[in-house]
Amino acid sequence: MGVTGTEFALLALSVGVGAVLQVSVGFGLGMIAAPVFSLVDPASAPPVVLLLAAGVTAAVLVRERGVADLRGCGWALVGRVPGTVAGALLVVVLPAKHLALLIAGVVLTGVAVSAAGYAPRARRSSVFLAGMASGLMGTATSIGGPPMAMVWQRLGGPRLRATMSAFFLAGSLMSLVALAAAGAIGAHTLQRTVLLAPAAAAGVLLAGPLTRRLDARHTRTAAMTLAAAGAAGLVAQQLQS
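A short tour of the structure in this document, coming up. Keep in mind that what you see is a predicted model, and the values were worked out from it rather than measured.

The rules behind each value
- Residues numbered from 1 in each chain as written.
- Predicted model: local features only at pLDDT ≥ 70, side-chain atom pairs only at ≥ 80, totals over all residues.
- Heavy atoms only, no water.
- Helix = DSSP H or I, 4+ residues; strand = E, 2+ residues; numbered from the N terminus.
- Buried < 20%, exposed > 50% of the residue type's maximum accessible area, 1.4 Å probe, protein only.
- Contact = heavy atoms within 4.5 Å.
- Areas by Shrake-Rupley, 256 points an atom, 1.4 Å probe, with all protein chains shown as cover.
- Core = buried A, V, L, I, M, F, W, Y, C linked by side-chain atoms within 4.5 Å.
- Phe/Tyr/Trp six-rings, centres within 6.5 Å; stacked < 30°, edge-to-face > 60°.
- Axes fitted to C-alpha atoms, helices over the stretch in contact; angles between N-to-C directions.
- Parallel < 35°, antiparallel > 145°, perpendicular 65-115°, else oblique.
- Left-handed = near helix turned anticlockwise from the far one by under 90°.
- Nonpolar A, V, L, I, M, F, W, Y, C, P; charged D, E, K, R; others polar.
- Polar contact = N/O pair within 3.5 Å; in protein donor to acceptor, adjacent residues only side chain to side chain.
- Salt bridge = Lys/Arg side-chain N within 4 Å of Asp/Glu carboxyl O.

**Side note on the overall build of the protein**
A tally of helices and strands in the protein yields 10 helices and zero strands. Each helix and strand of the protein, placed in order from N terminus to C terminus, yields the pattern α-α-α-α-α-α-α-α-α-α. Expressed as a percentage of the 241 residues in the protein, the buried residues total 48%. Here the contacts in the protein between residues at least 6 apart in sequence split such that 84% fall between residues at least 24 apart. Working note: accessible area of the protein is about 10600 Å², and carbon and sulfur atoms make up 69% of it.

Rendered as structure tokens:
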């Protein structure tokens, strides 16, 4: 499916802004970009967003190396395995319209839970269940951040970003393997990823100076607002079609 120059610019903007948030707070690329991709270029969501997110999280790991909670990541990844399989099946089975509505629902639920301030303790069982939910949501919609952000929100600054990035890098690769096995990744996916990679790289480079100037709480609030607006627009578009 081709896109106009304006539509491509919108995709690139969502990727760049999402990359800034991913680097700054540990997640955000999926929540910002996935609704835009579903509106403009549904064939690219979720695999292109997952490929771009893998690159961004790898960059964060290099920057924050040595501070990730690898034990917590391990239990989360164990939970992600069955979730990933279930998510790949959803991509194959669900019609495009239902998948778009699922993406919007995941975003809006994540925003609502974040706004409510729900903060479960990071026990082995809760990390495992969050990993499972993240695997299902991340594979089916490319938005796997909210469950992990909830369970790990007590981690501070660099440790939170590094732990989230370690999980999402491994988890994104798992999801991409499952989607490839389900036949959901093709030449279009790789072409779109290459074209949008510079926008993701720009977001990573801008995140450093911007993060030092922006308040983390306000940045998170802005991210949730943008994500909710994108999801609401996606719902409206699907209901009109």
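**Re the nonpolar core**
Judged by nonpolar contacts, the single largest core of 22 residues is most densely connected at I143, M148, W152, M164 and F167. Counting only elements with at least two residues in this core, the list comes to α2 (29–40), α4 (70–93), α5 (96–116), α6 (124–141), α7 (145–151) and α8 (157–181). When sequence neighbours within four positions are dropped, the list of residues in contact with M148 reads A76, V127, A130, G131, S134, M164, F167 and F168.

**What about the packing of aromatic side chains?**
As enumerated under the stated definition, the model contains one aromatic pair in all. Aromatic side chains F167 and F168 sit 5.3 Å apart centroid to centroid with 65 degrees between the ring planes, which places their arrangement in the edge-to-face category. One exposure class covers both F167 and F168, and it is buried.

**Notes on the packing of helix α1 (residues 5–25) against α2**
Two quantities define a packed helix pair, namely the angle between the helix axes and the distance between the axes. Across the interface, α1 lies against α2 with an axial gap of 7 Å and an inter-helix angle of 165 degrees. By the angle between their directions, the pair α1 and α2 is classed as roughly antiparallel. Seen from above, α1 lies across α2 with left-handed handedness. Residues E7, L10, L11, S14, V15, V17, G18, A19, L21 and Q22 of α1 touch α2, and the partners they reach there are L29, I32, A33, V36, F37 and V40. Split into classes, the residues belonging to the contact of α1 with α2 amount to 12 nonpolar, three polar and one charged.

**So, the side chain of R80**
Structurally, R80 is set in helix α4. Judged by its relative accessible area of 1%, R80 falls in the buried class. Here the side chain of R80 touches G171 through a polar contact of 3.2 Å, landing on its backbone oxygen. Apart from residues lying up to four places away in sequence, R80 is in contact with G131, M132, S134, G135, G138, T139, F167, F168, G171, S172, M174 and S175.

**A closer look at the pattern of salt bridges**
Close approach of charged atoms allows side chains with opposite charge to pair. Scanning the entire structure with this criterion turns up one salt bridge. One salt bridge in this structure joins D41 and R192, with 2.8 Å as the shortest N-O distance. Pair noted here: D41 is in the loop between α2 and α3 (47–63) and R192 is in helix α9 (residues 187–213), with a separation of 151 residues, a long-range link. D41 sits in the buried class, given a relative accessible area of 0%. On the basis of relative accessibility, which here comes to 6%, the residue R192 falls in the buried class.

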